[in-house]
Amino acid sequence: MPLGLIALALGGFGIGLTEFVIAGLLSSVADDMDVSVPTAGYLISGYALAVVFGALALTPVVNRWNPKRALQVLMVLFTVGNVVSALAPGYAALLGGRVLAALAHGAFFGIGAVLAASLVGPEKKAGAISIMFGGLTIATVLGVPLGTVIGQQWGWRATFAVIAVVGVLALAGITALVPTAVTRAARPGLRSELAAFRNRQVWYSLLMTVLVFGGMFGAFMYIEPLLTRVTGYSDSAIPWLLILFGAGLFAGNLLGGRWADRDLTRTLVTLTLALGVVLVAFALLTDNKLASAALLLAMGFFGFGATPGLQMRVLDYAATAPTMASSANIAAFNVGNFLGVWLSGSAIAAGFGWVSPLWVGAGFAFTGLAVLIAATRDRRPLRNAEVRSADEFVAS
């Protein structure tokens with residue numbers, strides 16, 4: 001395994017930690033900043049929206065640079081954002097620090113995914129991407145609980161300080177381990193990057209990402225009240241159940257990457273269908289503790305198992321604009337998160353109960369499967385230039 005992938009995974013770990021750890025610190029942040037918990041919740045939704053903006057607006061700027069240099073600058077931006085968060089004198093400054101760190105999120109994963117794929121042979125591209133995203137899943141499994149404990153013991157500011165240190169280590173790793181020679185290939189200009197979005201298969205891919213992740217995270221973000229108020233688990237059991245979910249994410253990400261390298265379309269069809277079935281089964285068996293735990297693990301496995309394949313599909317069909325399309329796919333992840341959480345919350349508010357997010361998630365997953373089938377059956381030929389570019393990318 002190229003050592004550069006380890007540095008990229010470390011960067012992904014830090015970014016994943018920044019995105020998700022705030023969920024375990026909301027109450028302490030709200031108390032310290034003298035704001036309500038819902039107001040503190042804007043630190044989560046504000047981050048997600050900033051990721052979308054950064055992925056679409058910042059990527060065209062940094063993509064003009066050498067990819068290694070771009071990742072270094074993005075990691076500096078990420079680190080500064082977390083330093084600002086750790087030292088924030090008030091809520092506005094804390095939100096500003098979160099937004100600053102989030103701006104680096106989409107571009108880092110977008111450029112990093114293309115770079116990771118370039119470090120290995122064509123038969124291992126999805127697997128290389130899964131290693132980079134493995135840092136994100138490790139953050140969910142181990143980093144978020146650890147960051148929450150640090151915040152509980154030494155204050156939430158200490159958590160952001162530790163994340164800033166992770167950023168410094170990732171920057172050092174990228175500088176030392178990513179071979180510059182691999183990153184010197186010519187890159188398309190902005191007009192060429194945007195022209196790639198004329199390919200309808202790119203839009204199919206982005207829509208699939210929105211739906212698959214909207215389904216999984218729309219259900220997951222309300223899993224705590226479901227497990228305690230419906231299934232009957234105690235509050236003390238929730239951290240262990242979240243670790244179980246994170247273990248599913250990690251395993252699914254690694255295996256999903258290997259399967260996607262063998263057969264991309266079949267892997268995506270299988271995993272998306274399985275996710276929908278698991279969510280339906282979960283909704284029907286929420287009163288069974290053992291079944292709920294097993295299905296929570298399966299939800300993480302099948303949901304995040306699709307990540308490398310979804311990213312690889314975008315790269316395959318946007319060969320003339322791999323970095324921009326890859327970043328747009330990261331934005332699509334966050335759009336899916338936002339829509340899934342919003343619709344699930346709306347279902348709860350409408351009186352459909354704590355189980356309703358699982359039904360919403362299943363609806364998202366099956367709709368995503370329908371989009372994938374439609375994309376597979378859409379056999380209208382690509383333009384010759386698109387075909388040549390795709391062939392050149394896969395062969396690279």
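Please read all numbers here as calculations on a predicted model, not as lab measurements.

### Focus: the pattern of salt bridges
So, point 1. Applying the stated rule across the entire model yields three salt bridges.
So, point 2. Put simply, Asp 32 and Arg 157 hold a salt bridge, and the shortest N to O gap is 3.8 Å. In this pair, Asp 32 sits in helix H2 (residues 26–33) while Arg 157 sits in helix H9 (residues 156–177), placing the two residues 125 residues apart along the sequence.
So, point 3. In this structure, Asp 378 engages Arg 200 in a salt bridge whose closest nitrogen and oxygen atoms are separated by 3.1 Å. In this pair, Asp 378 sits in the loop between helix H18 (356–377) and helix H19 (384–395) while Arg 200 sits in helix H11 (residues 200–220), placing the two residues 178 residues apart along the sequence.

### Describing the confidence of the model for the protein
So, point 1. Mean pLDDT for the protein: 83, with 88% of residues reaching 70 or above.
So, point 2. Within the protein, the element-level pLDDT minimum falls on H19, averaging 41, and the maximum on helix H14 (residues 264–284), averaging 96.
So, point 3. Throughout residues 382–396 the model reports pLDDT below 50, and contacts reaching past four residues in sequence, or to other chains, amount to 23 contacts.

### A word on the side chain of Thr 272
So, point 1. Position of Thr 272 relative to the elements: it lies in helix H14.
So, point 2. The buried category is assigned to Thr 272, whose relative accessible area is 5%.

### Considering H9
So, point 1. In this model, H9 (22 residues) spans 32 Å end to end at C-alpha, consistent with the 32 Å of a helix rising 1.5 Å per residue.
So, point 2. For H9, the set of buried residues is Trp 156, Thr 159, Phe 160, Ile 163, Ala 164, Val 166, Gly 167, Ala 170, Gly 173 and Ile 174.

### Some thoughts on the packing of aromatic side chains
What characterises a pair of aromatic rings is the spacing of the ring centres plus the angle enclosed by the ring planes.
So, point 1. Tallied over the full model, the rule gives nine aromatic pairs.
So, point 2. Ring centres of Phe 220 and Phe 245 lie 4.1 Å apart, and the angle between their planes is 10 degrees; this geometry places the pair in the stacked category. Highlighted residues: Phe 220 in helix H11 and Phe 245 in helix H13 (residues 238–262), separated in sequence by 25 residues.
So, point 3. Judged by its relative accessible area of 14%, Phe 220 falls in the buried class.
So, point 4. Here Phe 301 and Phe 302 contribute two aromatic rings whose centre-to-centre distance is 5.2 Å and whose plane-to-plane angle is 90 degrees, an arrangement assigned as edge-to-face.
So, point 5. Note on Phe 302: relative accessible area 22%, which makes it partly exposed.
So, point 6. Of the aromatic side chains, those joined through ring pairs into one cluster are Phe 213, Phe 217, Phe 220, Phe 245, Phe 304 and Phe 333.
So, point 7. Residue placement shows Arg 69 over the ring face of Trp 65; its charged tip is 4.8 Å from the ring centre.
So, point 8. Lying over the aromatic face of Tyr 233, Lys 289 brings its terminal NZ or CZ to 5.5 Å of the ring centre.

### Describing helix H7 (residues 91–118)
So, point 1. Its 28 residues give H7 an end-to-end C-alpha distance of 41 Å, which sits within 8% of 40 Å, the value for a rise of 1.5 Å per residue.
So, point 2. Of all the 28 residues making up H7, 20 are buried; the element is thus mostly covered by neighbouring parts of the structure.

Scoring rules and cut-offs
Residues numbered from 1 in each chain as written. Predicted model: local features only at pLDDT ≥ 70, side-chain atom pairs only at ≥ 80, totals over all residues. Heavy atoms only, no water. Salt bridge = Lys/Arg side-chain N within 4 Å of Asp/Glu carboxyl O. Helix = DSSP H or I, 4+ residues; strand = E, 2+ residues; numbered from the N terminus. pLDDT = per-residue confidence, 0-100. Contact = heavy atoms within 4.5 Å. Buried < 20%, exposed > 50% of the residue type's maximum accessible area, 1.4 Å probe, protein only. Expected span 1.5 Å × (residues − 1). Phe/Tyr/Trp six-rings, centres within 6.5 Å; stacked < 30°, edge-to-face > 60°. Lys NZ or Arg CZ within 6 Å of the ring centre and 35° of its normal.

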